[in-house]
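Structural overview for review
Next come the chains, spelled out residue by residue.
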Amino acid sequence: MQNLTLGSVSKQAETGEIWGIGHPVQACVFLTRKPGCVYLGKLAVAPNARRQGLARRLIDLAATRAADLRCSFVELQTRIELVENHATFEALRFREIGRTAHPGYDHPTSITYRLTL
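This section reports on the structure supplied with the text. Just so it is clear, the structure is predicted and the values come from calculations on it, not from any experiment.

Conventions adopted
- Residues numbered from 1 in each chain as written.
- Predicted model: local features only at pLDDT ≥ 70, side-chain atom pairs only at ≥ 80, totals over all residues.
- Heavy atoms only, no water.
- Helix = DSSP H or I, 4+ residues; strand = E, 2+ residues; numbered from the N terminus.
- Buried < 20%, exposed > 50% of the residue type's maximum accessible area, 1.4 Å probe, protein only.
- Areas by Shrake-Rupley, 256 points an atom, 1.4 Å probe, with all protein chains shown as cover.
- Lys, Arg positive; Asp, Glu negative; His and termini not counted.
- Charge placed at Lys NZ, Arg CZ, Asp CG, Glu CD.
- Core = buried A, V, L, I, M, F, W, Y, C linked by side-chain atoms within 4.5 Å.
- Contact = heavy atoms within 4.5 Å.
- Phe/Tyr/Trp six-rings, centres within 6.5 Å; stacked < 30°, edge-to-face > 60°.
- Lys NZ or Arg CZ within 6 Å of the ring centre and 35° of its normal.

A word on the overall build of the protein chain
In terms of helices and strands, the protein chain carries three helices and six strands. In the protein chain, the succession of helices and strands from N to C terminus is α-β-β-β-α-β-α-β-β. Viewed in the frame of its principal axes, the protein chain has a C-alpha envelope of about 45 × 30 × 30 Å. Each of the 117 residues in the protein chain was classed as buried or not, and the buried ones make up 35%. When the accessible surface of the protein chain is split by element, carbon and sulfur atoms take 52% of a total near 7,400 Å². The average position of the 15 basic charges and that of the 10 acidic charges among the side chains of the protein chain differ by 4 Å.

Section: the environment of arginine 93
Looking at where arginine 93 falls in the secondary structure, it is placed in the loop between helix H3 (83-91) and strand E5 (95-100). A sequence separation of 24 residues divides arginine 93 from leucine 117, and the C-alpha atoms of the two residues are 10.0 Å apart.

Description of the nonpolar core
Counting residues in hydrophobic clusters, the biggest one holds 26 residues, and the most contacted among them are Leu40, Ile59, Val74 and Phe94. Elements that contribute at least two residues to this core include exactly strand E2 (27-34), strand E3 (37-45), helix H2 (54-68), strand E4 (73-79) and strand E6 (110-116). Ranked by residue count, the leading element in this core is H2, at eight residues. With sequence-adjacent residues up to four places away left out, phenylalanine 94 is seen in contact with Ile59, Val74, Leu76, Phe89, Tyr113, Arg114 and Leu115.

Concerning the packing of aromatic side chains
Under the counting rule described, the total for this entry stands at two aromatic pairs. With 5.8 Å between their ring centres and 70° between their planes, phenylalanine 89 and phenylalanine 94 make a pair best called edge-to-face. A relative accessible area of 0% places phenylalanine 94 in the buried class. Summarising the aromatic geometry, the rings of phenylalanine 89 and tyrosine 113 are spaced 6.2 Å apart at their centres and angled 45° between planes, so their arrangement reads as tilted. Taken together, the residues phenylalanine 89 in helix H3 and tyrosine 113 in strand E6 connect sequence positions 24 residues apart. Note on accessibility: phenylalanine 89 and tyrosine 113 belong to one class, buried. The rings of Phe89, Phe94 and Tyr113 are connected pair by pair, giving a single aromatic cluster. Here the basic side chain of lysine 34 rests over the ring of tyrosine 39, its NZ or CZ set 4.8 Å away from the ring centre.

Structure (structure tokens):
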């Protein structure tokens, strides 16, 4: 969460949804509707608020929003090196559906995960 800026939050507010838990906010998620899905663009939990089920609550919210919007899945991407994130998303019922490379790389740099509703 420490990397979020007013600019990134403002841009998301214009193009999608922002949901948060706590006052002050201890966890947040950015959701954007895309063809057939809700894209989860940011999931952040403050270090002192981890291991309290906040990420699970926000993932459940994303699934609810996707269902409300008649979408069949929630999708996200995470960087290859963030191994702890992979385990977390897999524990939250996401399944890997692909790997992609950022421009200029000849090897995968991110993993795409999908939660089918």
